[in-house]
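Summary of the model geometry
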Amino acid sequence: MGVPFEALLPFGIIIGSFTVGGAGLWAVRKWDNEGKMPRWNKDKWDRQSM
């Protein structure tokens, strides 16, 4: 017995929302950092220049 496609629509909407949200976060982080890779463990010089 098959599963009606209407039962799978909520799962598709949820997966699509996560995909769009993840792509949006990736784009904002890339735009915020001027296209460069994110930096970790900034040293004292980087922290003082803020």
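Fair warning: this is a prediction, and the values are worked out from it, not measured in the lab.

Concerning the overall build of the protein
- A count of helical and extended segments in the protein gives two helices and zero strands.
- Expected size for 50 residues packed as a compact globule is a radius of gyration near 10 Å; at 20 Å, the protein overshoots this value by more than 25%.
- Counting only C-alpha atoms and orienting by the principal axes, one finds that the protein spans roughly 65 × 20 × 15 Å.
- Here the protein holds 50 residues, and 2% of them are scored as buried.

Structural notes on the layout of surface pockets
- Within this model, the largest pocket holds a volume of roughly 230 Å³.
- Grouping the amino acids of the lining of the largest pocket by side-chain chemistry returns three nonpolar, two polar and four charged.

Thoughts on the UniProt feature "transmembrane region" (unreviewed entry) in the protein
- Within this structure's numbering, the places UniProt gives as "transmembrane region" (unreviewed entry) are residues 7-28.
- Secondary structure across residues 7-28 comprises 100% helix and 0% strand; the distance between its end C-alpha atoms is 33 Å.

Looking at the environment of F5
- Its location among the elements puts F5 in helix α1 (residues 5-32).
- Residues F5 and S17 lie 12 residues apart in sequence; the distance between their C-alpha atoms is 18 Å.

Points about unusual backbone geometry
- The backbone phi angle of E34 is positive, close to 55 degrees, even though this residue is not glycine.
- Relative to the elements of secondary structure, E34 occurs in the loop between α1 and α2 (44-48).

So, α1
- The terminal C-alpha atoms of α1, which comprises 28 residues, lie 40 Å apart, in line with the 40 Å expected from a rise of 1.5 Å per residue.
- Directly after α1, the chain includes E34, whose backbone phi takes a positive value near 55 degrees.

Rules used in this analysis
- The residue numbers shown here count from 1 along each chain, following its written sequence.
- Restriction of local features to residues with pLDDT of at least 70 applies here, the model being predicted, together with a cutoff of 80 or more for giving and counting side-chain atom pairs; totals for whole chains, interfaces and linings are based on all residues.
- Calculated side-chain values reflect all of the structure's heavy atoms, with hydrogen atoms and water omitted.
- What counts as a helix is a DSSP run of H or I of at least four residues, what counts as a strand is a run of E of at least two, and both are numbered from the N terminus.
- This radius of gyration counts C-alpha atoms alone. The globule rule is 2.2 Å times how many residues there are, raised to the power 0.38.
- Burial here depends on accessible area, computed with a 1.4 Å probe over protein chains only, as a share of the maximum for the residue type. Under 20% is buried, over 50% is exposed, and the range in between is partly exposed.
- Buriedness for pockets is judged along seven lines, at least five of which must meet protein on both sides within 12 Å for an open set on the 1 Å grid over protein atoms alone, while cavities are sets there where a 1.4 Å probe fits but cannot get out, and lining residues have an atom within 4 Å of a point.
- Grid points are joined across faces, edges and corners, and a volume is the space filled by probe spheres set on the points.
- The classification used treats Ala, Val, Leu, Ile, Met, Phe, Trp, Tyr, Cys and Pro as nonpolar, Asp, Glu, Lys and Arg as charged, and all other residues, Gly among them, as polar.
- UniProt positions are given in the numbering used here, feature names are shortened, and annotations may be inferred rather than shown by experiment.
- One fewer than the residue count of a helix, multiplied by 1.5 Å, yields its expected span.

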